[in-house]
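A look at the structure
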Amino acid sequence: MKPIRSYSEKKPVTHAIGTTKVIAIINQKGGVGKSTTAINLSAALGEAGKQVLLIDLDPQGNATSGLGIEKSLLSKCIYNVLLDDTSLEEVIIPDVSEGLDIAPATINLAGAEVELVSEMARENRLKDAVGTMRGKYDYIFIDCPPSLGLLTVNSLVAADKLIIPIQTEFYALEGVTKLLESMKRVKSRLNPSLDIFGILLTMYDGRTTLSRQVAAEVRNYFGELVFETLIPRTVKLSEAPSYGIPITQYDPQGKGAISYTNLAKEVMQRG
């Protein structure tokens, strides 16, 4: 497990940071590779020399434990930022991987959905917190919960763009239309700049006709929004979180690591 340090102990940033891009990784379906993508894309960008903050907004806290943080040792997490006016800086654990910091989640976050209902400006809580960290990171990623509740609405309001992972399996596009409707509502009422940054095909198995057909269907539907990089279904990608390290460290020469490194390059090319 990683030592839990404070933001004041962060290593100095060695490059000039331009405009911070805030990207939510989102799909209300579970098991599509959101947390896997959040961890490994963030780590790959960190290794490419970028400064990255990953905000774990899923009460399951998979991104937190997947980066080697022992949740039971945390005194504060993103829950406190949303509901106790704790600053985001206070909960960030720096340098969990090269160039990568995390704002962790614990099970406390499970109650946030209900508690936020009666709060003032409840949809803007995360946006206000994230605003204080703009200019300190190249990328801020938000790992969203598998639902369309208030935590996800907070992500949609805080984000500039969305990455939507879609697994290349049966019913892949089911539910995505609902997510797009939610995005449009938030865009028209709360966050006019919100847009899709990219669609990511995950759990791809080129040996199966189904994977190839679904990939073709998604590309046909979303066009150039779909990343060229396909994330394969591999055992190593499933194993890496149990060791608390990203795939680029766990299996650097494997298909999963190469895919996320290529995805990081595509993300940087898109700006």
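These numbers were taken from a predicted model, which means no experiment stands behind them.

Parameters at a glance
- Residues numbered from 1 in each chain as written.
- Predicted model: local features only at pLDDT ≥ 70, side-chain atom pairs only at ≥ 80, totals over all residues.
- Heavy atoms only, no water.
- Helix = DSSP H or I, 4+ residues; strand = E, 2+ residues; numbered from the N terminus.
- Rg over C-alpha atoms; globule rule 2.2 N^0.38 Å.
- Buried < 20%, exposed > 50% of the residue type's maximum accessible area, 1.4 Å probe, protein only.
- Contact = heavy atoms within 4.5 Å.
- Areas by Shrake-Rupley, 256 points an atom, 1.4 Å probe, with all protein chains shown as cover.
- Lys, Arg positive; Asp, Glu negative; His and termini not counted.
- Charge placed at Lys NZ, Arg CZ, Asp CG, Glu CD.
- Pairing = 2+ DSSP bridges.
- Axes fitted to C-alpha atoms, helices over the stretch in contact; angles between N-to-C directions.
- Patch = residues over 30% accessible without salt bridge, like charges linked within 9 Å, V, L, I, M, F, W, Y side chains within 5 Å.
- Salt bridge = Lys/Arg side-chain N within 4 Å of Asp/Glu carboxyl O.
- Phe/Tyr/Trp six-rings, centres within 6.5 Å; stacked < 30°, edge-to-face > 60°.
- Lys NZ or Arg CZ within 6 Å of the ring centre and 35° of its normal.

Turning to the overall build of the chain, a few remarks are in order. Secondary structure summary: the chain contains 12 helices and 8 strands in total. A compact globule built from 271 residues should have a C-alpha radius of gyration of about 18 Å, and the chain, at 17 Å, falls within 12% of that. Along the first, second and third principal axes, the C-alpha set of the chain runs to 50 × 40 × 35 Å. The proportion of buried residues among the 271 residues of the chain is 54%. Considering only contacts in the chain between residues 6 or more positions apart, those separated by 24 or more positions represent 79%. Of the accessible surface of the chain, which amounts to about 11,800 Å², a share of 52% is contributed by carbon and sulfur atoms. Within the chain, one finds 29 positive and 31 negative side-chain charges whose respective centroids are separated by 4 Å.

In this section: the sheet that holds strand β4 (residues 100–103). A sheet is described by the order of its strands in space; here 8 strands give the open sequence β3-β4-β2-β5-β1-β6-β7-β8, paired in mixed fashion. Looking at strand neighbours, the two that pair on one side only are β3 (93–97) and β8 (226–232), the edges of this open sheet. Neighbouring strand axes in the sheet, compared pairwise and without regard to direction, differ in orientation by 25 degrees on average. Strand contacts of helix α9 (residues 209–222): β6 (161–167), β7 (195–204) and β8, with the helix running at about 175 degrees to β7, the strand carrying the most contacts.

With that settled, the discussion passes to a nonpolar patch on the surface. A surface patch of nonpolar side chains, amounting to about 350 Å² of accessible area, comprises F170, Y171 and L210. On the accessibility criterion, F170 (57% relative accessible area) is exposed.

This part covers the pairing of strand β2 (residues 52–56). Burial runs high along β2: 5 of the 5 residues are buried. Across the two faces of β2 the burial is the same, with V52, L54 and D56 and L53 and I55 all buried. Across 4 bridges, β2 lies against β4 in parallel orientation. Opposite I55, over in β4, you have A103 as the bridge partner.

Where two aromatic rings form a pair, the distance of their centres and the angle of their planes describe that pair. Per the counting criterion, the structure on display carries 5 aromatic pairs. Summarising the aromatic geometry, the rings of F170 and Y171 are spaced 4.5 Å apart at their centres and angled 50 degrees between planes, so their arrangement reads as tilted. This pair shows no difference in class: F170 is exposed, exactly as Y171 is. Ring plane angle 75 degrees and centroid distance 4.7 Å describe the contact between Y221 and F222, whose orientation is recorded as edge-to-face. By relative accessible area, F222 is classed as buried at 10%. The lysine or arginine in question, K21, covers the ring of Y139, its NZ or CZ lying 5.5 Å from the ring centre.

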